[in-house]
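Chains, contacts and geometry: an overview
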Amino acid sequence: MPGFELFGEEERREVMEVLETGVLMRYGFDGARKGRWKARELEAMLSERLGTSHAHVCSSGTTAVFSALCCCGVGADDEVIVPAFTFVADLEAILFAGAVPVFGEIDDTLTLSVEGIEAAITPRTKAVLLVHMCGSMARVDAIRDLCDRRGLILIEDAAQAMGATYKGQALGSFGKAGCFSFDYVKTITCAEAGAVVTSDSALFDKVQAFTDHGHDHVGSDRGAETHPILGMNFRISELHAAVGIAQMRKLDRILAVQRENKRILKEAIADLPGVTMRNVPDPQGDSATFLSFFLPDEATARAAGRELPKAGVDGTFYWYDNNWHYIRKWDHIKQMATPQRLHISLAQNAPLFTRPDLPVSDGWMSRMLSLQIKIGWSPSDLEPRASRLRETLQRLLGA
Ligand SMILES: *Cc1c(COP(=O)(O)O)cnc(C)c1O
């Protein structure tokens, strides 16, 4: 997820255009900004690329998910089905929205499965937060059908899947809302920012007001605008949006290099007995930020997680032990270590976070490794990396 690897002249030029006028805010100051509207321009690029009628950029991926949940009406006592393999931001967003997270099982796509969602549905389920982890996708059409059948709101967290598609359609555009992150380590970066995309105009109106204290953004006198809803301040600055514009222009190049680099590493190990690739429902649409695969058992996966970095294959992730991306190490959530009392402490339907029972997810996660795909690798780095990867796995597998 390497947009920062390509930071250069193009980003500097876009930022300089903002610094020339000094109008760092995305709203207002119409005269002084000399026609430069970086946040708006980035939104137009996003909605065009993703095929949604609207895109709204905000301060982070976390505030994007939070805003999407709130503006879809997800709140007190509502249950949201979410995978236990995600970034902790999704749990924060659900909990601080006042809702109740309910973990659903994942499958070999490393995202929520249809069966996992079905098993987690209760009369209080309001939404499914589908997280397209590590650059690839869920079986998103089947999951959308399920949500439609059961009257659930589908929200996609595509923070790690910018540029990925399923059957030609952009991830993030399947549900009622799609959320993206442009933090510093994502496929494209603004330093810090996020986006909510949707083709629902009423939802879009709410989201753009919610992230700016409820401003309706009608007319050209900010102080005179009305406030149809309460909101917060999750605004993006023009400086951040400017970086994002330059990065969006590099997206196709980033995807092409990632896909090629991933292909080389994948080919180096795909034939090894004992190595099973992650199920990618539409391989052509993979954004290829990671190569993820399963080994026969937890012990071998743990050993590979230790040995690969020693053999020079850095960027190896054994997510099962990761502090931020899997439930096992989320003690602060299990103990509800929040600075204030959250609504969930009053909810009758709060699950027992201390004893999450996710045998299927544990089964996949404990055997899985991901290798981060960089775009700066030269052929002279990639070839030895591929052979060291193969040799190390071969040795551990006795293959
Ligand atoms: C990065 C990320 C987020 C949060 O994005 P920020 O911009 O860092 O707040 C949310 N969900 C997933 C899956 C992410 O990877």
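The structure this text deals with has already been given above.
Described in the following lines is the structure provided in the data block.

Calculation criteria
Residues numbered from 1 in each chain as written. Predicted model: local features only at pLDDT ≥ 70, side-chain atom pairs only at ≥ 80, totals over all residues. Heavy atoms only, no water. Buried < 20%, exposed > 50% of the residue type's maximum accessible area, 1.4 Å probe, protein only. Helix = DSSP H or I, 4+ residues; strand = E, 2+ residues; numbered from the N terminus. Polar contact = N/O pair within 3.5 Å; in protein donor to acceptor, adjacent residues only side chain to side chain. Near = heavy atom within 4 Å. Areas by Shrake-Rupley, 256 points an atom, 1.4 Å probe, with all protein chains shown as cover. Nonpolar A, V, L, I, M, F, W, Y, C, P; charged D, E, K, R; others polar. Patch = residues over 30% accessible without salt bridge, like charges linked within 9 Å, V, L, I, M, F, W, Y side chains within 5 Å. Salt bridge = Lys/Arg side-chain N within 4 Å of Asp/Glu carboxyl O. Disulfide = S-S within 2.5 Å. Core = buried A, V, L, I, M, F, W, Y, C linked by side-chain atoms within 4.5 Å. Domains from an automatic or database assignment. Contact = heavy atoms within 4.5 Å. Phe/Tyr/Trp six-rings, centres within 6.5 Å; stacked < 30°, edge-to-face > 60°. Lys NZ or Arg CZ within 6 Å of the ring centre and 35° of its normal.

Let us now look at helix 3 (residues 61-71). Burial of helix 3 is extensive: 9 of the 11 residues sit out of reach of the surface. Among the residues making up helix 3, those that are buried are Gly 61, Thr 63, Ala 64, Val 65, Phe 66, Ser 67, Ala 68, Leu 69 and Cys 71. For helix 3, the N-terminal capping position is held by Ser 60, with its side-chain oxygen 3.3 Å away from the main-chain nitrogen of Thr 62. One or two steps after helix 3, the chain reaches Gly 73, where phi turns positive at roughly 85°.

Every one of the 13 residues lining the ligand counts as a neighbour, but Thr 62, Asp 157, Ser 181, Asp 183 and Lys 186 are closest to it. In this structure, Ser 181 approaches the ligand through a side-chain N or O atom, which is 2.7 Å from an oxygen atom. When the free accessible area of the ligand is taken as 380 Å², the share hidden by the protein chains comes to 94%. When grouped by side-chain class, the residues that make up the shell around the ligand number 5 nonpolar, 5 polar and 3 charged.

This next bit is on a nonpolar patch on the surface. Judged by side-chain polarity, Met 16, Leu 19 and Leu 24 come together as a nonpolar surface patch covering roughly 260 Å² of accessible area. Tracing the backbone shows Leu 24 in the loop between helix 1 (9-21) and helix 2 (38-50). Note on Leu 24: relative accessible area 39%, which makes it partly exposed.

Turning our eyes to something else, we now look at the state of the cysteines. One pass over the structure, following the stated rule, counts 0 disulfides. As a non-bridged cysteine, Cys 71 has Cys 70 as the owner of its nearest cysteine sulfur, 6.4 Å distant. Free of any disulfide, Cys 134 has its nearest neighbouring cysteine sulfur in Cys 179, separated by 18 Å. For Cys 134, a relative accessible area of 0% puts it in the buried group.

It is worth spelling out the nonpolar core at this point. Inside soluble globular proteins, nonpolar side chains tend to come together where they are buried. Leu 46, Phe 85, Phe 182, Ile 269, Phe 293 and Leu 393 are the most contacted members of the largest nonpolar core, which totals 124 residues. If you count residues domain by domain, this core takes at least three from each of domain 1 (3-251) and domain 2 (255-397). Setting aside residues up to four positions removed in sequence, Leu 46 forms contacts with Ala 55, Val 57, Met 162, Phe 182, Ala 195 and Met 248.

What follows covers the packing of aromatic side chains. All chains considered together, the criterion is met by 12 aromatic pairs. A ring pair is formed by Phe 317 and Trp 319, whose centres lie 4.6 Å apart and whose planes are at 10°; its orientation type is stacked. Relative to Tyr 326, the ring of Tyr 320 lies with its centre 5.8 Å away and its plane at 40°, an arrangement referred to as tilted. In this pair, the class of Tyr 320 matches that of Tyr 326, namely buried. Ring-pair connections join several aromatic residues into one group, and the members of that group are Phe 85, Phe 290, Phe 317 and Trp 319. Over the ring of Trp 37 we find Arg 33, and its NZ or CZ is 4.0 Å from the ring centre.

From the geometry alone we can't say anything about function, so treat these as descriptive.
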